[in-house]
Every structure is written in structure tokens, then in C-alpha cells.
Amino acid sequence: MIRLAVAVAFLLAAFGATVSAQPAGIVRPSYVFWEAQSDDIGELIFVDGLTGEERRFPVNGERFTIYQDGVMFYDTIARQVVWVRRDGIIAPHPVVRLPPDARRVDWVIAPNGQMIAWTITAEDDAGRLTTETRVAAIDGADHRVVLREVDEDGSRLRALPVAFSADNARLYMDNHPDGISDFLPFDQYVAIMALDLATGETELLPDERGSRCICGAAVGAGVFLRLRLPDPADDERATNDSFDLYLYDLVARGGGRLPALSLDTSTVYDTAGDILIAPDGRVAVYALARVTDFNTPRQTTRTVFVLVDIARGTQRPLTTSATTRFLRPVGWTEDNSAVILTSPTSNGTWKLNTGDGALNRIANATYIGIIR
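Predicted, not measured: the structure shown is a model, and the values here were computed from it.

Definitions and cut-offs
Every chain begins its residue count from 1, and numbering advances along the sequence as written. In keeping with the model being predicted, local features are shown solely for residues with a pLDDT of at least 70 and side-chain atom pairs are shown and tallied solely at 80 or more, while totals for entire chains, interfaces and linings include all residues. The side-chain values count all of the structure's non-hydrogen atoms but skip hydrogen atoms and water molecules. Counting from the N terminus, the helices are DSSP H or I runs at least four residues long and the strands are E runs at least two residues long. Residue exposure (1.4 Å probe, protein chains only): buried if accessible area is under 20% of the type maximum, exposed if over 50%, otherwise partly exposed. Throughout, a residue-residue contact means that at least one pair of heavy atoms, one from each residue, lies within 4.5 Å. Predictor confidence is given residue by residue as pLDDT, running from a minimum of 0 to a maximum of 100. Two strands qualify as a pair provided that DSSP identifies no fewer than 2 bridges between them. Interaxial angles span 0 to 180 degrees and are taken between N-to-C directions of axes, which are lines fitted to C-alpha atoms, for helices over the stretch in contact. Throughout, a disulfide means two cysteine sulfur atoms within 2.5 Å of one another. Among buried residues, those of type Ala, Val, Leu, Ile, Met, Phe, Trp, Tyr and Cys that are joined through side-chain atoms within 4.5 Å constitute a nonpolar core. In the sections that follow, a salt bridge refers to a side-chain nitrogen of Lys or Arg positioned within 4 Å of a carboxyl oxygen of Asp or Glu.

Some points on the overall build of the protein chain
Broken down by element type, the protein chain carries one helix and 28 strands. Residues classed as buried in the protein chain amount to 48% of the 372 residues present. Long-range contacts, defined as pairs at least 24 residues apart, comprise 42% of the intrachain contacts of the protein chain with a sequence gap of at least 6.

Written out as C-alpha cells, the structure is:
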């Protein structure tokens with residue numbers, strides 16, 4: 001068994017934190033893990049970054065996210081968003097509150113941790129899907145509604161917050177089919193748009209109009225990465241890989257398709273997603289997989305991870321052979337030398353080295369993030 005103290009030692013080095021004594025009044029980092037016992041019942045584990053001391057709090061929930069001095073998540077029994085501080089105090093979330101008729105809630109936090117956006121999905125008396133998106137400063141200040149939508153044509157699409165722009169002036173959102181997340185192994189989207197938080201105007205991101213698939217995408221550090229199915233009219237393709245990757249510079253307003261990925265394998269990868277852009281915008285990673293019997297006891301997964309060099313506009317397989325463990329990238333180390341991965345089906349945290357593609361388990365609990 002790999003103790004959490006060992007994992008924290010790696011994470012401290014990986015994220016550039018220090019384990020030396022700190023001046024009085026300086027809050028030292030805590031590393032947060034989740035250890036599931038069954039479904040959404042388990043323990044949140046806060047590990048002191050200096051002493052390695054563990055504090056465990058039993059909770060039931062999903063979608064754990066670092067929020068200020070603790071972790072926010074959706075309590076599936078109480079049907080509300082709650083907040084667990086690292087001192088163990090558990091309370092309803094101070095900002096994200098749900099009305100009685102809420103069907104679900106989705107949220108994102110800005111990369112600098114200064115803002116939060118959330119969308120509440122409900123149904124009106126006519127059975128139409130409604131969404132209301134709000135934003136606020138992380139402490140709840142400047143709380144306002146920025147988008148309201150009603151599904152007038154029965155498309156069952158709902159607004160889904162995806163990411164903030166680097167300057168927090170725009171919120172990127174998807175027109176997302178309601179309920180489809182239960183059938184998608186990775187984060188995938190239909191048509192991503194930018195919502196101007198000052199004017200309320202929306203604009204589809206490049207080439208999003210008429211998208212041919214629900215495929216992976218990510219926005220961060222001023223770039224937009226998008227996986228798409230190949231255009232059958234494209235006669236220039238020399239390989240039979242399943243997806244094309246497009247890179248757009250949202251600042252310079254340019255970009256296009258990256259050179260095709262060449263995989264020396266007979267496996268047909270039929271799904272792709274979970275694009276994760278490094279905070280400095282230099283590289284990204286995504287998952288390319290063959291999944292059968294998803295979300296059933298018979299589920300099987302074969303996944304390769306792909307490394308994208310954003311500056312050079314190239315991509316290459318990061319793993320030379322497919323892993324049969326269902327893993328998803330959740331974070332980068334500070335120097336981009338490794339990707340942190342977790343599994344939605346089992347406890348554990350893994351490290352994928354970007355140099356040699358080595359994949360190693362570093363903890364038996366599931367890594368959530370750092371409270372600094």
C-alpha cells in the first residue's frame with residue numbers, strides 16, 4: 001500500500017511547494033484525496049503538506065472541487081452543494097444554492113481561483129428544460145445572473161459552463177444534451193460558445209457551427225483545442241485514425257487542424273476526450289480510447305494518451321501501448337514533466353511521465369487537488 005504521505009512528498013516536489021517551516025500566519029498547503037467505499041459514499045482526506053498528518057471526514061457526494069479553504073461537492077443525499085473546510089466544518093455552500101425544482105447543477109472555477117460560475121437546470125410547468133447561469137466572485141460578491149435559456153424547440157439541450165477565459169471576462173459554455181453524461185466516458189461537448197460577462201453577448205468558437213460530433217474540447221491559456229470526426233470529403237488523409245485535433249489561438253484568431261496522429265496499432269479508437277491544457281499553455285494531453293459496455297459491470301477500456309505540443313502544433317502518442325485501466329487526466333505537474341490521473345471506477349492516483357510515457361500508481365486514494 002502506498003501511503004498518502006509518500007504521494008504528498010511527490011506532489012510537493014511536482015507542484016513546486018515547500019515542506020520547510022513557514023513563518024507564522026502563512027497558511028501551508030493541504031493535499032486533498034477522496035477514498036470511496038461504495039458509489040458516492042466515502043471519506044475526504046486532508047493531508048497537511050508540512051507534517052503529513054491526515055484528517056478524514058465521511059461524506060457522500062460527487063464532483064469534488066477545491067474551493068477556497070476546502071472542498072465543494074454535490075451531496076447526492078441532501079441534494080445540495082456543500083462545502084467542507086479543512087478544519088472539518090461542513091455546511092451548505094455559501095454561494096451556490098439550489099431551488100427546490102432544480103434537476104442538476106454544474107459549476108466551474110476560474111484558473112486564478114477568483115471567480116465561480118454555475119448553471120442550475122430545471123423544468124418549467126410546460127415541461128421545457130430551463131437553465132440559469134450565474135457568476136460571482138469566489139467570496140460571493142458581485143453575484144449575478146448572466147444567462148437564462150428555455151428549451152423552446154424540445155432539443156433537450158442545456159447550458160453547461162466549461163471554463164473561464166484567462167482574464168475572467170468571458171465564460172465558455174456548451175449546448176449540452178441533457179442526460180448524455182451518463183453515456184460518455186470522457187468530457188465531450190457539442191458546440192462551445194463564449195459568453196461576454198459584461199455585455200451578455202454570445203459567440204460560437206471557431207468552426208463550432210455545424211459540428212459533426214459530441215467530441216472532446218478544452219479552452220485555456222488563450223487557446224482552444226477541439227477533437228472532431230474526420231471530414232469524409234477530405235482526400236488528403238493518409239491515415240485511418242478516428243479523430244482530428246484542431247488548435248485555435250483565441251487571441252490571434254488563427255489556427256486549424258494539426259497533422260494526423262499515427263498509431264501503430266490495430267485497435268479502432270472510437271471515443272476521445274478529457275483534453276487537459278497545462279496552466280502555462282505550452283502542452284496538453286488527451287485520451288483516445290476504445291470503450292465497450294460503458295457504465296456496466298462488463299465495461300472494458302483500452303486507452304492511449306496523446307501529448308500535444310501547443311507551441312509547435314504537433315501531437316504524438318504519450319503511451320506506446322494501451323492501458324486497460326480506466327484513467328482520466330486531472331492535473332499537470334508544475335514543470336509539465338508528468339500528468340496526474342485518477343479513475344472514476346476505482347480509488348487511486350497515477351503519474352504519467354511525459355518523457356518516457358511511464359505510468360505509475362502513486363497513491364491508493366484519489367487525488368482532488370491542493371489547498372494553498
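Moving on from the coordinates now.
Observations regarding the confidence of the model for the protein chain
Looking at the protein chain as a whole, the pLDDT averages 88, with 89% of positions reaching at least 70. Across residues 18-25, where pLDDT falls below 50, the model places nine contacts with residues more than four positions away in sequence or in other chains.

Remarks on the sheet that holds strand β10 (residues 129-137)
One open sheet holds the four strands; their spatial order is β8-β9-β10-β11, and the pairing between them is antiparallel. Each edge of the open sheet carries a strand with a single partner, namely β8 (104-109) and β11 (144-150). Here the strands of the sheet are splayed against their neighbours by 15 degrees on average, with no regard to which way each runs. Summarising the sheet, strand β9 (residues 115-123) and β10 pair through nine bridges and their orientation is antiparallel. Residue Ile120 lies in a different strand from β10, and its bridge partner there is Glu132.

Digging into the state of the cysteines
Following the criterion strictly, the structure yields one disulfide and no others. Each sulfur of the disulfide joining Cys213 and Cys215 lies 1.7 Å from the other. The sign of the S-S torsion, about -125 degrees, decides the handedness of the disulfide formed by Cys213 and Cys215: left-handed. Summarising the burial analysis for this pair, Cys213 and Cys215 share the class buried.

What about the nonpolar core?
Where a protein is soluble and globular, its nonpolar side chains tend to be buried together. Grouped together as the largest cluster of nonpolar side chains are 23 residues, with contacts concentrated most on Leu225, Leu227, Leu245, Tyr286 and Ile310. Looking at this core, the elements with two or more residues in it are β17 (223-228), β18 (244-249), β20 (271-277), β21 (283-292) and β22 (300-309). Sequence-distant contacts of Leu227, defined by excluding residues within four places in its chain, comprise Cys213, Cys215, Gly216, Phe243, Asp244, Leu245, Ala272, Gly273, Ile275 and Tyr286. Within the second largest apolar cluster, 18 residues are counted, among which are Phe186, Phe326, Val339 and Trp350.

Considering the side chain of Thr133
For Thr133, the location among the structural elements is in strand β10. For Thr133, a relative accessible area of 0% gives the class buried. Apart from the residues lying within four places of it in its own chain, the contact partners of Thr133 are Trp118, Thr119, Arg144, Val145, Val146, Leu147, Ala159, Leu171 and Met173.

Overview of the pattern of salt bridges
All told, the structure shown has 30 salt bridges when counted by the stated rule. The salt bridge involving Arg63 is made with Glu62; its shortest N-O contact spans 3.4 Å. Here Glu208 ties to Arg228 by a salt bridge, and the two come within 2.8 Å at their closest N and O atoms. Residue Glu208 is located in the loop between β15 (202-204) and β16 (217-220), and its partner Arg228 is located in strand β17; the two are separated by 20 residues in the primary sequence. The exposure class assigned to Glu208 is buried, which follows from its relative accessible area of 1%.

Here we look at the sheet that holds β17
Strand order in the open sheet formed by four strands is β16-β17-β18-β19, with antiparallel pairing between adjacent strands. At either end of the open sheet lies a strand with only one pairing partner, and these are β16 and β19 (254-257). Across the sheet, the axes of successive neighbouring strands diverge by a mean angle of 10 degrees, strand direction being ignored. Inspection of the sheet shows β18 paired to β19 by four bridges, in the antiparallel sense. Note on β19: the bridge partner recorded for Tyr248 is Gly255.

Focus on the environment of Ile310
Structurally, the position occupied by Ile310 is in the loop between β22 and β23 (314-317). Leave out the neighbours within four places in its chain, and Ile310 touches Val223, Leu225, Leu247, Ile277, Gly281, Arg282, Val283 and Ala284.

Quick look at the pairing of strand β3 (residues 54-60)
Pairing analysis gives seven bridges linking strand β2 (residues 41-48) to β3, with the strands arranged antiparallel. Its bridge partner being in β3, Val47 is matched across the sheet by Glu54. Between β2 and β3, which pair antiparallel in sequence order, lie five residues; one of them, Gly52, sits at a positive phi of approximately 80 degrees.

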